[in-house]
Amino acid sequence: MDATAVNLEYAIIDVFTDKRYAGNPLAVVRVPASCKLTQDQKQNIAKEFNLSETTFLHEPKEDETNSWSVDIFMVNAELPFAGHPTIGHRWQQSSQPAFWL
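Per an unreviewed UniProt entry, the chain carries the name Diaminopimelate epimerase-like protein and comes from Bimuria novae-zelandiae CBS 107.79.

Asks: Hey, could you go over the overall build of the chain for me, with residue numbers and the actual values?
Replies: Looking only at helices and strands, one finds two helices and five strands in the chain. For the chain, the sequential pattern of α-helices and β-strands runs β-β-α-β-β-β-α. In the chain, buried positions account for 37% of the 101 residues. Long-range contacts, defined here as pairs at least 24 residues apart, represent 57% of the contacts in the chain between residues at least 6 apart.

Asks: Describe the layout of surface pockets, naming the residues involved and giving the relevant values.
Replies: A volume near 310 Å³ is recorded for the largest pocket. It is strand S1 (residues 9-15) that provides the largest number of residues to the lining of the largest pocket, a total of four residues. Here the lining of the largest pocket is built from residues that sort into seven nonpolar, two polar and four charged.

Reading the values: the criteria
- Residues numbered from 1 in each chain as written.
- Predicted model: local features only at pLDDT ≥ 70, side-chain atom pairs only at ≥ 80, totals over all residues.
- Heavy atoms only, no water.
- Helix = DSSP H or I, 4+ residues; strand = E, 2+ residues; numbered from the N terminus.
- Buried < 20%, exposed > 50% of the residue type's maximum accessible area, 1.4 Å probe, protein only.
- Contact = heavy atoms within 4.5 Å.
- 1 Å grid on protein atoms, 1.4 Å probe; cavity = no way out; pocket = protein on both sides within 12 Å on 5 of 7 lines; lining within 4 Å.
- Points joined across faces, edges and corners; volume = space filled by probe spheres on them.
- Nonpolar A, V, L, I, M, F, W, Y, C, P; charged D, E, K, R; others polar.

In structure tokens form, the structure reads like this:
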């Protein structure tokens, strides 16, 4: 599926704080199982958000229950792992369940 033909749900969250507009901002993008984003598309989306990191949470396919995969991008590169995006997207998944339905 072409990324221009799909609306991706996303949230901007503030990690390491309980105050709005404080902490370390993070974009969390939900990618439906039916959507195939290329690395270049994810990189461009991260550039558009222009935050230190953007996470892409890929929904599991029907036969892969509970197997969300995660990609983390900075504005100029993909990261194999980073603490603040990992903590942030897990917080988003656990505290905002309606975002994941």
